Each structure stands twice: as structure tokens, then as C-alpha cells.
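Per-entry structural report
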Amino acid sequence: QVQLVESGGGLVQPGGSLTVSCAASGSIASRNVMGWFRQAPGKQREMVATITSGGRANYVDSVSGRFTISRDNSKHTVYLQMNSLKPEDTAVYFCNYRRLDWNAKDYWGKGTLVTVSS
């Protein structure tokens, strides 16, 4: 079992920056992928960024160059630094943890709201 707790969401003006964090606890696998998904009002949930336990990152095209995902394996924490935020980035951001071992499965946080508005 893995528990995920997100933090750092809030209100930010267009063009501003915000960093959200997700701390994982419980039965942590040595090989895993952590990432951020988001769900905007009236839209489907989409992958934003992922990062493997080895540090390999991927981004959805719409945030590439603006967002940076990173992780601190000693703290079992993943971060998403969001720069040049746009109103369309407004969404509930969910932390995801995927085990890559024999018990591979997905775990989800409860989400943190990011609102980009003047």
C-alpha cells in the first residue's frame, strides 16, 4: 500500500509560477514511476508529466518547456515546477505512483487545485 499526499496548490496569476509536491509513504518499490495528472473543469484527466525512479522524465506537449518534474528519492517526493502558467492550466492536479515490480499497480492522491486567473 502506498499513500500519496499532494500540497502546494493555490491561486496564481497568468504568467506566474507554482510548485506542487507529492510525498509518498508506505510500501515503496525500488522501481517506480511517479507523475502528475490533471483534470480541468469539464475535461478528461490527462497526463502532465512523469518521472521514473531513475530520473527519466516525460511531458505532455502542452507543458513542455514550461513545467519541470523532479524527485527526491530519499524523501519519496515528486515535485512539479510550473512556470509561465496559463489559464488553461487550471485543474485539479493528481499525484500518481506506479509500481514497476511484481505487484505493479497505480496509486493516486486526492488532488490539489491549481487555479490560474487574474
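This section reports on the structure supplied with the text. Remember, predicted model here, so these are calculated numbers, not experimental data.

Think of a pair of aromatic rings as described by two things: how far the centres are apart, and how the planes are tilted against each other in angle. Summed over the entire model, instances satisfying the criterion amount to two aromatic pairs. Considering the side-chain rings of Phe37 and Trp108, the 5.0 Å spacing of their centres and the 75° angle between planes classify their relative orientation as edge-to-face. Taken as a pair, Phe37 in strand E4 (residues 32–39) and Trp108 in strand E10 (residues 106–108) lie far apart in primary sequence, 71 residues in all. The ring centre of Phe94 lies 3.8 Å from the NZ or CZ of Arg45, which sits over that ring. Looking at Arg45, its charged tip hangs above the ring of Trp108, at a distance of 4.9 Å from the centre.

This paragraph deals with the pattern of salt bridges. Counted under the stated rule, the structure contains five salt bridges. The closest approach of N and O atoms between Asp89 and Arg38, which form a salt bridge, is 2.9 Å. With Asp89 in the loop between strand E8 (77–82) and strand E9 (91–99) and Arg38 in strand E4, this pair connects stretches of sequence that are 51 residues apart. On the accessibility criterion, Arg38 (6% relative accessible area) is buried. Of the charged contacts, one joins Asp89 and Arg66 as a salt bridge, the two residues approaching to 2.8 Å between their closest N and O atoms. Of this pair, Asp89 sits in the loop between E8 and E9 while Arg66 is found in the loop between strand E6 (57–59) and strand E7 (67–72), placing the two residues 23 residues apart along the sequence. The two residues Asp89 and Arg66 agree in class, both being buried.

Rules behind the numbers
- Sequence positions are assigned chain by chain, starting from 1 and proceeding in written order.
- Totals for whole chains, interfaces and linings use every residue, but because this is a predicted model, local features are given only for residues with pLDDT of at least 70 and side-chain atom pairs only at 80 or more, for both listing and counting.
- Calculated side-chain values reflect all of the structure's heavy atoms, with hydrogen atoms and water omitted.
- Between 30 and 60 degrees the pair is tilted, below 30 it is stacked and above 60 it is edge-to-face, where a pair is any two Phe, Tyr or Trp rings, Trp via its six-membered ring, whose centres lie within 6.5 Å.
- Secondary structure follows DSSP: runs of H or I at least 4 residues long count as helices, runs of E at least 2 residues long count as strands, and numbering of each begins at the N terminus.
- Counted as over-ring charges are cases with an Arg CZ or a Lys NZ within 6 Å of the ring centre that also lie within 35 degrees of the ring normal.
- A side-chain nitrogen of Lys or Arg and a carboxyl oxygen of Asp or Glu constitute a salt bridge if their distance falls within 4 Å.
- The cut-offs for exposure are 20% and 50% of the maximum accessible area for each residue type, with area from a 1.4 Å probe on protein chains only; residues under the lower value are buried, those over the upper are exposed, and the others partly exposed.

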